2 protein chains.
Amino acid sequence: MEGYNYLLSLCVILMSTKIFSILSRRAQLPQVVGALMAGLFFGPAVLGAITESLFGVRFCLMPTQLLSRMAELGVIVIMFTAGMETNIDELKASGKVGFVVALLGVFFPLGMGAAVMYVFDPKVTFQSAIFVGAVLTATSVSITVEALKELGKMSTKVGNTILAAALIDDILGLICLTVVTGIGGGDMNLPLVFAKIAGFFVFVGVMGLVYNKAMKWSDRVQAERNLRRYPVMGFALCLFMAWAAEVLFGVADIIGAFAAGMIIAISPKGQYIASKFDTIAYLLLTPVFFANIGLEVTLPEFSSDVLLFTVAIVVVSIISKLFGCGLGAMVCGFDKRQSYQIGLGMVCRGEVALIVAGKGVSMNLIAEEDLGPIIIMIIVCTIITPIFLKRAFEGQTDIAGDTMFEEKFMLGEQTDEIEEDIFHRRSLLHQQTYGGE
Amino acid sequence: MEGYNYLLSLCVILMSTKIFSILSRRAQLPQVVGALMAGLFFGPAVLGAITESLFGVRFCLMPTQLLSRMAELGVIVIMFTAGMETNIDELKASGKVGFVVALLGVFFPLGMGAAVMYVFDPKVTFQSAIFVGAVLTATSVSITVEALKELGKMSTKVGNTILAAALIDDILGLICLTVVTGIGGGDMNLPLVFAKIAGFFVFVGVMGLVYNKAMKWSDRVQAERNLRRYPVMGFALCLFMAWAAEVLFGVADIIGAFAAGMIIAISPKGQYIASKFDTIAYLLLTPVFFANIGLEVTLPEFSSDVLLFTVAIVVVSIISKLFGCGLGAMVCGFDKRQSYQIGLGMVCRGEVALIVAGKGVSMNLIAEEDLGPIIIMIIVCTIITPIFLKRAFEGQTDIAGDTMFEEKFMLGEQTDEIEEDIFHRRSLLHQQTYGGE
């Protein structure tokens, strides 16, 4: 019977993320916050703690291997759709700016994170201090992307800059991690890392050419009119590139998925393929992803020392990204408000920071009692980013942006109406067809 | 790096099932056969055996827990959509007929299966013989449903009879299994089993009322126009009922999912919800389900005795269902051809038979060397059912059926065109919106 409990877990995750999302929208918060809250509520941090103190039993929806894998698939699909929605010309235009933003956004957290460690424990080793700094560098762009999509700001200059910076940030963070693990005792092979990253870019180019050719060939030869093969092949490309990025090139899988999305965006039937992943995302994978983040959190026991350290690390993680990336944006000519928006969009941390922290613990470079504060830092950054992003974009004087949002909203409504129309027509035809039987 | 291989497995499964499906359609076979073949090819039975004999290494896409769970979700979604597509009035009309068909379709395989065991091993115990018979009783309706959908025959009288019979067959099979495991040493509590089954029907009625009320309330109060909550809540209902069926009532999870589908079909926005599950099914879950069946197969070593027994069990499993169910259909007034179609639709075996056989082995009632032939029986039944079903419906003189098929086919085309039209409009609006930026 145990084997069927994942069905109930999935059911609770779907219902609670939806209900919490609706509630948080009513409260003028981004839906993403609601989805995260749902995960937190049903995780060991809240429900587990409540039931333990009340009944002496620790009850919560435990993350099984299935749920965490489906959450991984969720991140991959989110990044894949983000790639499909990326305006490549805009991204190219934002590339240089993104690099400056990302570079300062890695430098400040690295330095300030290490500094906090020295303040709280003057006898800390250089490696340990710099490793905690490295944990703070990894921006998790997926939540920012979801929030920006919801606000209709994904295709703005600010949105593209954040995306470009986050992508470059991932690569810089990777180099950073390689260096610190290298210093920390592993074998550091910096030329190999660079060669692999270069190889990945070549790989993306080759895959783009091959996929494009294959799709054009398929367009020519197909006798019957069957569109299903396009989304299926597109998804296969996404999965392959995510796997290859991680396993063959040592780059994060989500970067591979994002690159696959960009390839599809400029290939035949790109728009059609993009439209199909909306459903699979909101109906299954995205709720699981958000809930899973909350489910993985267990709160540490608190002393005043731990509390102080937690506050310090949270504040530093926010300030350092906000200031570092904002400064980068300002240097590149963005105005004050835009720089604030960009800095804010980069504050969000996520699974990468968790993974780096876990690696630090296993290498004995991060103390186990520091893991709790780091997890709280990730949650706080994840929750405040979409909230403040929404505020930062609210009442924006930039008229083009507002119009765009309105029109996108109306477009959504219109599509719903057209969809309803189709189902009406379909059911009419169905009645005509079977009615007489 | 191991942890990322499921991405590659998923990629290969998506690509190979799609390519094999296209090929099998070119060869005038149902696409389902192609999807199954793809799984078989990449499983231990073919690719594993080839690489082992050539290179001494057993290479194949192993079914991980993730893939098998996703395959389970796939079955649940297939049965859920089948439920949403069920014409309840038709099913009611087919209920009595379905019962007769199911009853004879359980009786014949049970008796003939046991008889085969006595022929091949006269010293076999009664329990063992009857257990092998029980393995032969469980019809797997999901593949027949997929094949009938593909042929556009799901909503015909024959289709509804097969569905009704298969559903009742599941319940009869359950009782049958309870009895034989009871005889075989477990505790038999027949009244409890019947009470639970009755309880399940009450549960379905209550859930139907609750869901209907909740949806009508939601329809009334919702201020903004957001349709996404409907598919999400529908899927949550499906998962909950699948879980409850299995864990609370001891009925198969797919019966719960099917009942949830029927509830949604008669609730507000039912048509809209149904349309959303097509994508999630063909893009992720259905390919995994079909591939997983093939992946789980390992062929046994063959002696002439085993071969003879295999042939006998395969022939008996086909004949007994075909004859038993066909006889039932004839008794109820179907003509010869329709009775053949119904009998054929019930031949398909699947995961339930596998589960029962596994249980028999663990209870020492089925010898391990008999498991191979049983697996082969399941595969043969699974592959020939859709092939012969297609032939059985081909060139059907029944004109209503043909017209229906044509119209459904054209409707499918039309929907594709409307979809393309939407995406064209959408991209135009997109250009108008962002073009000026």
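Because the structure is predicted, anything quoted here is derived from the model rather than measured.

**Student:** Describe the packing of helix H1 (residues 5-26) of chain B against helix H4 (residues 65-85) of chain B, and please don't skip the residues or the numbers.
**Tutor:** Residue and element names in this part refer to chain B. Orientation of H1 relative to H4, taken along the N-to-C sense of each, is 45°, at an axis distance of 10 Å. Judged by the angle between their axes, H1 and H4 are oblique. Counting all contacts with H1, which are made through Tyr6, Ser9, Leu10 and Ile13, the residues of H4 involved are Leu66, Leu67 and Met70. Its residues assigned to classes, the contact of H1 with H4 shows six nonpolar, one polar and no charged.

**Student:** Any details on unusual backbone geometry? Residues and values, ideally.
**Tutor:** Residues and elements named next belong to chain A. Its identity is not glycine, yet Lys269 carries a phi of approximately 65°, on the positive side. Note that Lys269 resides in the loop between helix H11 (253-265) and helix H12 (270-295). The exposure class assigned to Lys269 is partly exposed, which follows from its relative accessible area of 23%.

**Student:** Break down the side chain of Thr17 of chain B for me, with residues and values.
**Tutor:** All names here are of chain B. Of note, Thr17 is situated in helix H1. Judged by relative accessible area, Thr17 falls into the buried class, the value being 4%. Within the structure, the side chain of Thr17 is placed 3.2 Å from the backbone oxygen of Leu14, a separation counted as a polar contact. Excluding residues that lie within four positions of it along the chain, Thr17 makes contacts with Val12, Ala35, Ala38, Pro287 and Ala291.

**Student:** Can you explain the pattern of salt bridges? Please cite residues and give values.
**Tutor:** Summed over all chains, the structure comprises seven salt bridges over all chains. A salt bridge links Arg228 of chain B to Asp278 of chain A; its shortest N-O distance comes to 3.0 Å. Pair noted here: Arg228 of chain B is in the loop between helix H9 (190-221) and helix H10 (229-247) and Asp278 of chain A is in helix H12, and the two residues belong to different chains. Exposure remark for Asp278 of chain A: the relative accessible area of 36% places this residue in the partly exposed category. The salt bridge involving Arg69 of chain B is made with Glu72 of chain B; its shortest N-O contact spans 3.9 Å. With a gap of three residues between them, Arg69 of chain B and Glu72 of chain B both fall in helix H4, about one helical turn apart. Residue classification places Glu72 of chain B among the partly exposed residues on the basis of a relative accessible area of 26%.

**Student:** Which residues make up helix H11 (residues 253-265) of chain B, and what are the values?
**Tutor:** Residue and element names in this part refer to chain B. Between its terminal C-alpha atoms H11 stretches 19 Å, which fits the 18 Å expected from 13 residues at 1.5 Å a residue. Taking burial as the measure, the 13 residues of H11 include twelve buried ones, the bulk of the element. Within H11, the full set of buried residues consists of Asp253, Ile254, Ile255, Gly256, Ala257, Phe258, Ala259, Ala260, Gly261, Met262, Ile263 and Ile264.

**Student:** Describe the packing of aromatic side chains, with residues and values.
**Tutor:** For the structure shown, the criterion picks out 24 aromatic pairs over all chains. Here Phe200 of chain B and Phe249 of chain B contribute two aromatic rings whose centre-to-centre distance is 5.8 Å and whose plane-to-plane angle is 65°, an arrangement assigned as edge-to-face. In this pair, Phe200 of chain B is assigned in helix H9 and Phe249 of chain B in the loop between H10 and H11, connecting sequence segments 49 residues apart. Accessibility expressed as a relative area gives 15% for Phe249 of chain B, which makes it buried. Sitting over the ring of Tyr230 of chain A, Lys269 of chain A keeps its end group 5.3 Å from the ring centre. The residue whose ring lies beneath Lys157 of chain B is Phe334 of chain B, and the NZ or CZ to ring-centre distance is 5.2 Å.

**Student:** How would you summarise the confidence of the model for chain A if you had to cite specific residues and measurements?
**Tutor:** Residues and elements named next belong to chain A. Chain-level statistics for chain A give a pLDDT mean of 79 and a share of 80% at 70 or above. In the model of chain A, helix H17 (residues 399-434) stands out as the element of lowest mean pLDDT, 47, in contrast to helix H14 (residues 336-345), which has the highest, 93. Both confidence scores are given for the complex: pTM 0.75, ipTM 0.74.

Definitions and cut-offs
- Residues numbered from 1 in each chain as written.
- Chains lettered and ligands numbered in written order.
- Predicted model: local features only at pLDDT ≥ 70, side-chain atom pairs only at ≥ 80, totals over all residues.
- Heavy atoms only, no water.
- Axes fitted to C-alpha atoms, helices over the stretch in contact; angles between N-to-C directions.
- Helix = DSSP H or I, 4+ residues; strand = E, 2+ residues; numbered from the N terminus.
- Parallel < 35°, antiparallel > 145°, perpendicular 65-115°, else oblique.
- Contact = heavy atoms within 4.5 Å.
- Nonpolar A, V, L, I, M, F, W, Y, C, P; charged D, E, K, R; others polar.
- Buried < 20%, exposed > 50% of the residue type's maximum accessible area, 1.4 Å probe, protein only.
- Polar contact = N/O pair within 3.5 Å; in protein donor to acceptor, adjacent residues only side chain to side chain.
- Salt bridge = Lys/Arg side-chain N within 4 Å of Asp/Glu carboxyl O.
- Expected span 1.5 Å × (residues − 1).
- Phe/Tyr/Trp six-rings, centres within 6.5 Å; stacked < 30°, edge-to-face > 60°.
- Lys NZ or Arg CZ within 6 Å of the ring centre and 35° of its normal.
- pLDDT = per-residue confidence, 0-100.

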